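Examining the three-dimensional arrangement
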Amino acid sequence: DQLTRYHEELQRAWKAGERVLSIKIVIKCTRLLADTSVPQFYPSVFIMVTEILDTFGEIVWDRILGKAEEEEEGEKKEEEKEKEEKGKKGKKKKKKKKSRLPPNWTTEDINVNAKETCRNWFYKISSIRELLPRIYMEMCLLKCYRFLSTDEYPQVLSRLASMIRGVGDPLVSVFAQCYLARCGGVVCRDESGYATTMVYDYLYGFKEYESEKFAGSLNRMGVSLEEFLHLQSPAVEWIFKCVGRKAPKSVFTTTLKHYRDYSSNSMVLKHIIDCFDPKHYAPNAAAMVSLVKMAKPSKVGMIGVFETIAERFIQSPPPEEQRMLVLNEVWKVVTKCDDLKTYISCSTAWLEVVLHHYSSLELNVLLRDVVKHLVVAEQEGQVEGIGKDLEPLVKLLVHHCYDFNGVILKSGELLAILDKFKESRKAEHCKELLESFAKHSDETSDPVLINTLFEVSRTLHDSIDSLSPEGEQRHCASLICGFIEKINYGKDFERQLNTYVECRAGFCNLDDVKTRLVLCVCKLAMQTLNLMKGKHNKKTAAFVKGCLAFNHITIPSIEDTKIRLELLVTCGLVGLKNMCLPQTDTFLKQAIVIVPEVAGGNGGADMIAWVGTFCGLLVVVPGSPDLGPFYLMNGLQKALQKWSEEEEGGNAAVSSMMKASKKFAKSKCLLLMLGTCSSWSQKKLPYAIPGVDSNDTLYGGSEGYMEELKQLTEGIVAEVVADIEAMEGDSSMKDELVLGLLDCLIEFFQGPSADKMIKSLAKKMMKREQESGGLDKNKGWFLKIKKRLGLQTDQ
């Protein structure tokens, strides 16, 4: 709160023109950085004070830049001008001609007034008696040196780095060096000589940490040496980043020598490894690992340093001949780590190194060790909340799960690691695995891979319940279907069918998956038929019957009746092609039974489309010796009647409209059935199934057959006519049905009885059209009827 008040006071004082007060406020703030009595809060205080310093530097910069951008008519000293502005507020101010500086301005573009103002500020700063405020204030004004010179920055930065040596407290000193590195990076990014000097100074200062006097100071502050160095770590990291960004190998070598001679602390070594280019030390990776082992411990343990070196080895790996030595030496230490979170973090880093630069053998060893640690931790009750720490590791495994020919999936360790997550996160990772499999893998017959993915898919399936959103269910079903479609055992069809049976048991709650399984089994039956070139032997015939039995059991478990209808027709066709006539009859009978259960949505269009497909199949389905040649058509006619009479939910008006649309759709279906009757009346059917004797062969156009067909046809026509006469409301629906019926009779049927029906319907139609004035609209139909009946008059 106090520093926040100082920040606000600085801004108010500056706006009021009180420059001296502004400087005093900043000096007061920087004095706080000399206080290390409570070192734990020092980094936080440093951040807040440097924010105030940054604000001070910006407002001074803006003032000098404003001076540089203006030229006055007549010259006045800055002090006189400020007095005049204060004393003559009501008077008109002098006009100023604005002269904007060019974008890349230099010292030569700055006017004298601005330069003098800038020098004046540096004179004020240099007159501060206390060392720390003087250093910090000059550092925050570093950017202003640009108004005076463009080539003095290296000397200024080196001078300030040397001045910081006079700061006695190591904590205060290193944070001052950090602020200089930050400010220097802004004004002179490519200059790092001063930062290198500060690194050497910092490392040399480690000799003091071994003295008894310093130990006493730490006791008074109530911190250990490890905690004290940990407080320095953010500042040290910033300085090393400034040095190591583009440092040549010579600077790295010298820095490492200073480290060995004076520091040998793991915190410092971590920053050296992290901030310098790994190409400098990767060729001597084994030596660096030895150096890590010899480092003195700090808050950053040996495992943490090994994690950092792994992250750098991803970019620049060790030489081929050193890789196994490096991994073995590192893992001797890492595997003994007792802290599970630290172990997992380090293992994740080295896992990525192994995935990029080692073989599947090392990968398996590492994964087994990770699972071993997780099992031990679980026995000790230490895995609570470990899922968050395992996230990076699992994401890495998922991303690379198909490297090394899918060895990660085949190993089984991935499933063991996934078991440590909560169900929701585990399901998300399963999705990622299946998405990756769908994108990167072809069809597979590997039993280990299939078993692993089956378990992954089952985990995803079990995460879905009746309350899950419909979109989530569809997405999960899509992923599982993608896995099922890529299972391919080649010609081992029985093994393939057994796998589908397991999938049906494992994914019983997802209708989309069961639908896909039915289609896959139909495909399997057809592949068997093609393999046998259309002629089954005893074994393959039994196998196809087994496929059809699978579908016969599976389809009833699907809730959507429309999907069931479509699948039953598909299975009926597959059974017919494979000459399994009893199974075909069973599927088609089952389809007819559930027709009344279908909802009448979409105006009955779905039912019309399905009946068209069904009737197309009935053309070649042979009749039953016991039930007659047309028992399926008779059953369909009765089922459609029940369907049209089925009450729909909703209010009375909606129910009435739905009933009318279903009646209309039923009549359209009956017209499609007339087309099938027409096909049956031909001596040779328009198409046939190889190996299957259809009605044209079985009955050969016998009198009994033709008489029964005639009765069926007349019954269908009579039902359509009755529907037309009973229809109320929209006359266009009547006209459409009449014209459809006339079209069927004209195109498909011949003989006196057909002509009689055509003439009767035509008279009724014409009379209604004359009354409604729509005769011209359907004139083409009546000409067609006239031609069929051989009429000579216009009537």
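Note that the structure is a prediction, hence the values are computed from the model and not measured.

Bringing the overall build of the chain into the picture now. Counting secondary structure elements, the chain contains 37 helices and 2 strands. The contacts in the chain between residues at least 6 apart in sequence include a share of 73% that link residues at least 24 apart. A total accessible area of about 39500 Å² is found for the chain, and carbon and sulfur atoms account for 52% of it.

With that settled, consider the side chain of T515. Topologically, T515 is positioned in helix α26 (residues 511-531). Judged by its relative accessible area of 15%, T515 is buried.

With respect to the helices and strands, S436 occurs in helix α22 (residues 423-440). Under the relative-accessibility criterion, S436 is labelled buried at 8%. For the pair formed by S436 and H400, sequence separation is 36 residues and the distance between their alpha carbons is 9.2 Å. Dropping the residues within four chain positions of it, S436 is found in contact with V398, C401, Y402 and S441.

A word on the nonpolar core. Counting residues in each nonpolar core, the largest one holds 254 residues, and the members touching the most others are F56 and W350. A total of 12 residues in this core trace back to one element, the largest contributor, which is helix α3 (residues 42-68).

Before going further, it helps to examine the pattern of salt bridges. A complete count under the given rule lists 25 salt bridges for this structure. A salt bridge links K410 to D446, with the shortest nitrogen-to-oxygen separation between them at 2.9 Å. Residue K410 is located in helix α20 (residues 407-411), and its partner D446 is located in the loop between α22 and α23 (447-462); the two are separated by 36 residues in the primary sequence. Judged by its relative accessible area of 31%, K410 is partly exposed. When salt bridges with common partners are traced through the structure, they connect K293, E329 and K332 into a single cluster.

Another aspect to go through is the state of the cysteines. Counting across every chain of the model gives 0 disulfides. With no disulfide of its own, C140 lies 7.3 Å from the sulfur of C183, the closest cysteine sulfur. Exposure remark for C140: the relative accessible area of 11% places this residue in the buried category.

Our next topic: the packing of aromatic side chains. Across all of its chains, the model carries 27 aromatic pairs by this definition. Ring centres of F454 and F507 lie 5.4 Å apart, and the angle between their planes is 50°; this geometry places the pair in the tilted category. In this pair, F454 sits in helix α23 while F507 sits in the loop between α25 (493-506) and α26, placing the two residues 53 residues apart along the sequence. Taken as a pair, F454 and F507 share a single burial class, namely buried. A network of ring pairs unites the aromatic residues Y42, F46, Y136, F175 and Y179 as a single cluster. Note that K124 overlies the ring of W121, its terminal NZ or CZ placed 4.5 Å from the centroid. One cation-aromatic arrangement involves R146 over W105; the distance from NZ or CZ to the ring centre is 3.9 Å.

In this section: the packing of helix α29 (residues 581-594) against helix α31 (residues 631-645). Working note: a packed helix pair is described by the angle between its axes plus the distance between those axes. One way to put it is that α29 packs onto α31 with a least axis distance of 9 Å and a crossing angle of 15°. With respect to α31, the element α29 is oriented roughly parallel. α31 is crossed by α29, and the crossing has left-handed handedness. Residues D585, L588, K589 and I592 of α29 lie in contact with α31, whose contacting residues are Y631, L632, G635, L636 and A639.

So, about α23. Its 16 residues give α23 an end-to-end C-alpha distance of 22 Å, which sits within 8% of 22 Å, the value for a rise of 1.5 Å per residue. Packed against the buried residues of α23 are α20, α21 (413-418), α22, α24 (470-485) and α25. For α23, the capping residue at the N-terminal end is D446, with a side-chain oxygen 2.9 Å from the backbone nitrogen of V448.

Moving on, we get to the confidence of the model for the chain. On average, residues of the chain score 86 in pLDDT, and 88% of them are at 70 or above. Under a pLDDT of 50 for its full length, residues 72-79 has, in the predicted model, 8 contacts with residues more than four places off or in other chains. Note that residues 89-98 has pLDDT below 50 and, in this model, 11 contacts with residues that lie over four places away or in other chains.

This part takes up the side chain of S149. Within the secondary structure, S149 sits in the loop between α6 (131-140) and α7 (153-164). The exposure class assigned to S149 is buried, which follows from its relative accessible area of 10%. In terms of polar contacts, S149 uses its side chain to reach the side chain of D151, at 2.6 Å.

Running from N to C, α6 and helix α8 (residues 170-187) point in directions that differ by 15°, and their axes come no closer than 9 Å. Taken together, the axes of α6 and α8 lie roughly parallel to each other. In the crossing of α6 with α8, the sense of the turn from one axis to the other is left-handed. Contact with α6, carried on its side by L132, Y136, M139 and C140, involves V172, F175, A176, Y179, L180 and C183 of α8 and no other residues of that element. Along the lines of polarity and charge, the residues of the contact of α6 with α8 split into 10 nonpolar, no polar and no charged.

On to α7. In this model, α7 (12 residues) spans 17 Å end to end at C-alpha, consistent with the 16 Å of a helix rising 1.5 Å per residue. All buried positions along α7 are accounted for by Y153, V156, L157, L160, A161, M163 and I164. Across the axial projection of α7, the buried residues extend over an arc of 160°, all falling on one side. Tucked into the core, α7 has its buried residues touching α6, α8 and α9 (193-204).

One non-glycine residue, S264, lies in positive phi territory at about 55°. Relative to the elements of secondary structure, S264 occurs in the loop between α12 (249-263) and α13 (266-275). Although it is not a glycine, K533 sits at a positive phi angle of roughly 55°. Considering the arrangement of structural elements, one finds K533 in the loop between α26 and α27 (538-554). For K533, a relative accessible area of 74% puts it in the exposed group.

Basis of the calculations
Residues numbered from 1 in each chain as written. Predicted model: local features only at pLDDT ≥ 70, side-chain atom pairs only at ≥ 80, totals over all residues. Heavy atoms only, no water. Helix = DSSP H or I, 4+ residues; strand = E, 2+ residues; numbered from the N terminus. Contact = heavy atoms within 4.5 Å. Areas by Shrake-Rupley, 256 points an atom, 1.4 Å probe, with all protein chains shown as cover. Buried < 20%, exposed > 50% of the residue type's maximum accessible area, 1.4 Å probe, protein only. Core = buried A, V, L, I, M, F, W, Y, C linked by side-chain atoms within 4.5 Å. Salt bridge = Lys/Arg side-chain N within 4 Å of Asp/Glu carboxyl O. Disulfide = S-S within 2.5 Å. Phe/Tyr/Trp six-rings, centres within 6.5 Å; stacked < 30°, edge-to-face > 60°. Lys NZ or Arg CZ within 6 Å of the ring centre and 35° of its normal. Axes fitted to C-alpha atoms, helices over the stretch in contact; angles between N-to-C directions. Parallel < 35°, antiparallel > 145°, perpendicular 65-115°, else oblique. Left-handed = near helix turned anticlockwise from the far one by under 90°. Expected span 1.5 Å × (residues − 1). Polar contact = N/O pair within 3.5 Å; in protein donor to acceptor, adjacent residues only side chain to side chain. pLDDT = per-residue confidence, 0-100. Nonpolar A, V, L, I, M, F, W, Y, C, P; charged D, E, K, R; others polar. Arc of directions from axis to C-beta.

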